[in-house]
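Structural features, examined
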Amino acid sequence: VFCQWEITCRCNLKCVMCYTDVFNTPEKIRQELSTSEILRILDELKEAGCPEICFTGGEPLSRPDFFEIYEHAIRGGFLVTVFSNGTLITEEAADRFAALPPQRIEISLHGVSAQTFERVTLGKGSFEKCMKAIGLLRDRQIPLLLKTVAMTLNQEEILEVKRYVDSLPGVSFHLGLFM
């Protein structure tokens, strides 16, 4: 009844706790399913009666064909959740999500300061991009859940992350305890 699908190993960040990053190589990317293969499998999942799907990765939006896959799933009647680091959500992407809304988007928010966040993601400028994405999605009333994983690198900001999320009407928070 539920499918969580890592549709890519590609990611624009190198988060210290990521288990898929070791597959973010040109060789592994070449082995990923093609767009037509993914669309066929989505149709098979629908035919089998699966109502809900979660697209994750890597970073699912790093696939050039992400919105073709996403829109096929939405139009196919799936309840779709997208796990994202938020850094690739632009105005255009937010508009596409608004046109065909997901069940929710879950964004990893590893801290409320750029220093802590980027110590986890190892991506300069990733905090600013993530925060901008949160604003873009909130402006379009896209269901949003912000989550973090408790680590020694961000332990001083975990409660601040929760307080920040609690200050955002309609946005949910989740603390992941397992890595």
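Conventions adopted
- Residues numbered from 1 in each chain as written.
- Predicted model: local features only at pLDDT ≥ 70, side-chain atom pairs only at ≥ 80, totals over all residues.
- Heavy atoms only, no water.
- Buried < 20%, exposed > 50% of the residue type's maximum accessible area, 1.4 Å probe, protein only.
- Helix = DSSP H or I, 4+ residues; strand = E, 2+ residues; numbered from the N terminus.
- Pairing = 2+ DSSP bridges.
- Right-handed = clockwise from strand over helix to strand, strands pointing away.
- Polar contact = N/O pair within 3.5 Å; in protein donor to acceptor, adjacent residues only side chain to side chain.
- Contact = heavy atoms within 4.5 Å.
- Core = buried A, V, L, I, M, F, W, Y, C linked by side-chain atoms within 4.5 Å.
- Axes fitted to C-alpha atoms, helices over the stretch in contact; angles between N-to-C directions.

1. Comments concerning the pairing of strand 5 (residues 144–149)
The buried fraction of strand 5 amounts to 6 of the 6 residues, a majority that puts the element mostly inside the structure. A two-sided burial pattern is seen for strand 5, the buried positions comprising Leu 144, Leu 146 and Thr 148 on one face and Leu 145, Lys 147 and Val 149 on the other. The pairing of strand 4 (residues 104–108) with strand 5 spans 4 bridges and is classified as parallel. Residue pairing across strands places Ile 105 opposite Leu 144, the latter belonging to strand 5. Inspection of the sheet shows strand 5 paired to strand 6 (residues 171–176) by 6 bridges, in the parallel sense. Within the sheet, the bridge partner assigned to Leu 144 lies in strand 6 and is Val 171. Each parallel crossover has a hand, and for strand 5 linked through helix 7 (residues 158–166) to strand 6 it is right-handed.

2. Topic: the side chain of Asn 85
With respect to the helices and strands, the residue Asn 85 is situated in the loop between strand 3 (79–84) and helix 4 (91–99). Relative accessible area serves as the criterion here: at 9%, Asn 85 is assigned to the buried category. Polar side-chain contacts of Asn 85 include one of 2.6 Å to the side chain of Thr 87. Excluding residues that lie within four positions of it along the chain, Asn 85 makes contacts with Cys 11, Asn 12, Leu 13, Glu 59, Ile 107, Ser 108 and Cys 130.

3. Some words on the nonpolar core
Membership of the largest hydrophobic core comes to 42 residues, with the highest contact counts inside it found for Leu 42, Phe 55, Phe 97 and Ile 107. Among residues more than four places away in sequence, those in contact with Leu 42 are Trp 5, Ile 53, Phe 55, Ile 69, His 72, Ala 73 and Phe 78.

4. So, the sheet that holds strand 1 (residues 2–6)
Paired through backbone hydrogen bonds, the strands of a sheet run either parallel or antiparallel to each other. Strand order in the open sheet formed by 6 strands is 1-2-3-4-5-6, with parallel pairing between adjacent strands. Two strands close off the open sheet at either side, each with one partner strand: strand 1 and strand 6. Pairs of neighbouring strands in the sheet enclose a mean axial angle of 20°, with direction left out of account. In the packing of helix 2 (residues 35–47) onto the sheet, contacts are made with strand 1 and strand 2 (52–56), and the angle to strand 1 comes to roughly 170°.

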